[in-house]
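These are the residues of each chain, in order.
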Amino acid sequence: MDRIKSLCSYLENCTVFADVACDHGYCAQYMLKNGLCEKCIISDVSDKSLDKARGLLSSYISAGRCTAICCDGLEKIEGADLVLIAGIGGEEIIKILKNSYIPENFVFQPMKNARELRAYLIEKGCEITRDDIFSDGRNYYFVIKGKAFGKSPAYGAYELAFGRDSLKNAVLNGYLTAELSKKQSYLSAQMSVKARAELEAEVKLIREVLENETDGNT
Ligand SMILES: C[S@@+](CC[C@H](N)C(=O)[O-])C[C@H]1O[C@@H](n2cnc3c(N)ncnc32)[C@H](O)[C@@H]1O
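Residues numbered from 1 in each chain as written. Predicted model: local features only at pLDDT ≥ 70, side-chain atom pairs only at ≥ 80, totals over all residues. Heavy atoms only, no water.

Turning next to the overall build of the protein chain. Summing up its helical and strand segments, the protein chain has nine helices and seven strands in all. Taken over the C-alpha trace, the protein chain has a radius of gyration of 18 Å; the compact-globule value for 218 residues is 17 Å, and the two agree within 12%. A sequence separation of at least 24 residues applies to 58% of the contacts in the protein chain between residues at least 6 apart. Surface summary for the protein chain: the accessible area is close to 11000 Å², and the carbon and sulfur share equals 49%. Side chains of the protein chain carry 28 positive and 31 negative charges; the gap between the two charge centres is 2 Å. (Helix = DSSP H or I, 4+ residues; strand = E, 2+ residues; numbered from the N terminus. Rg over C-alpha atoms; globule rule 2.2 N^0.38 Å. Contact = heavy atoms within 4.5 Å. Areas by Shrake-Rupley, 256 points an atom, 1.4 Å probe, with all protein chains shown as cover. Lys, Arg positive; Asp, Glu negative; His and termini not counted. Charge placed at Lys NZ, Arg CZ, Asp CG, Glu CD.)

As a further point, take the pairing of strand β1 (residues 16-20). Of all the five residues making up β1, five are buried; the element is thus mostly covered by neighbouring parts of the structure. On β1, burial covers both faces: Val 16, Ala 18 and Val 20 on one face and Phe 17 and Asp 19 on the other are all buried. Sheet topology note: the β1/strand β2 (residues 39-44) ladder contains five bridges and is parallel. Pairing of Phe 17 across the sheet is with Cys 40, part of β2. Between the parallel elements β1 and β2, the chain passes through helix α2 (residues 26-33) in a crossover that is right-handed. Both β1 and strand β4 (residues 82-86) contribute to a ladder of four bridges, which runs parallel. Residue pairing for β4: Phe 17 is matched across the bridge by Leu 82. (Buried < 20%, exposed > 50% of the residue type's maximum accessible area, 1.4 Å probe, protein only. Pairing = 2+ DSSP bridges. Right-handed = clockwise from strand over helix to strand, strands pointing away.)

Residues in close proximity to the ligand total 18 residues, the closest being Arg 3, Ala 21, Asp 44, Asp 72 and Gly 73. In the environment of the ligand, an oxygen atom lies 2.4 Å from a nitrogen or oxygen atom belonging to the side chain of Arg 3. Note that an oxygen atom of the ligand is positioned 3.0 Å from one of the side-chain N or O atoms of His 24. Computed on the free molecule, the ligand has an accessible area of 600 Å², of which 81% lies beneath the protein chains in the complex. Secondary-structure elements contributing two or more residues to the shell around the ligand are α1 (3-8) and α5 (90-99). Classifying every residue of the shell around the ligand by side-chain character gives eight nonpolar, five polar and five charged. (Near = heavy atom within 4 Å. Polar contact = N/O pair within 3.5 Å; in protein donor to acceptor, adjacent residues only side chain to side chain. Nonpolar A, V, L, I, M, F, W, Y, C, P; charged D, E, K, R; others polar.)

The subject of this paragraph is the sheet that holds strand β5 (residues 105-109). Taking strand neighbours across the sheet as the criterion, the seven strands line up as β3-β2-β1-β4-β5-β7-β6 in an open arrangement whose pairing is mixed. Edge positions in the sheet fall to β3 (66-70) and β6 (127-135), since each has one partner strand and no second. Shown here is a sheet whose adjacent strand axes are inclined to one another by a mean of 15 degrees, direction ignored. Note: β4 against β5, four bridges, orientation parallel. Note on β5: the bridge partner recorded for Ala 86 is Gln 109. (Axes fitted to C-alpha atoms, helices over the stretch in contact; angles between N-to-C directions.)

Structurally, the protein chain comprises domain 1 (3-160) and domain 2 (172-212). Placing the centre of domain 1 and that of domain 2 at their C-alpha centroids yields a distance of 29 Å. Listed by partner, the interface residues are five residues for domain 1 and seven residues for domain 2. Across the interface of domain 1 and domain 2, roughly 630 Å² is buried in total on both sides, 73% from carbon and sulfur atoms. (Domains from an automatic or database assignment. Buried area = accessible area lost by both parts, 1.4 Å probe.)

A few words now on the pairing of β2. By the criterion of burial, β2 is predominantly enclosed, with five of the six residues buried. Two elements, β2 and β3, share five bridges in a ladder whose sense is parallel. Bridging across to β3, Asp 44 finds its partner in Cys 70.

The subject of this paragraph is unusual backbone geometry. For Asp 23, which is not glycine, the phi dihedral falls at a positive 50 degrees. Within the fold, Asp 23 resides in the loop between β1 and α2. For Asn 113, which is not glycine, the phi torsion reads 55 degrees and is therefore positive. Mapped onto the elements of the fold, Asn 113 is located in the loop between β5 and α6 (114-123).

Quick look at the structure:
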């Protein structure tokens, strides 16, 4: 399944959907086409990127069901009851949230630093309702879905690193196996004592999860 199709399966019915950092606008198109939202906001920091979504969704824009806003993150986004931020880094998503607010309902799909994003959301008292992984057959993607308020049960180290639902998902096994082989190969390179200690800790964590958590998942 392609990334957009899998990503969209985590989106739910809402009144006003905001596709932040939308680029092409395929997720907004999915929501509008399938009648999953009444109105939609498409936004991107790049006007050139946003133009792609404006083109794709021109009929919805003409019908008054879709509004395009060029802005940084959530800066000018108001009134959305579900916000998607996908395809950018976890640190960038954290920056967006820090600069504005945590949306009432959100789906985040960070391209990296998912652990940092989870930690931030938990620290801010969000309820993480789904914390999963999916693959398009080539790459692996973490997806974090939740609410601004509600609190999550305490997260352990494995959950924080890889996501609560990922640990029960067979897809994680493939991700961990690939990460282990990548990180083990990095260990042969020269690096600082600190970098080596961090890398070894990551390798140990992955090994532990592979041995303890993903048994029978494949
Ligand atoms: C790889 S595309 C992701 C598009 C789509 N969300 C997806 O998941 O396929 C990344 C887009 O994020 C936009 N972007 C990056 N940082 C942003 C920010 N702080 N605020 C809004 N858009 C941003 C870029 O301009 C680019 O169009």
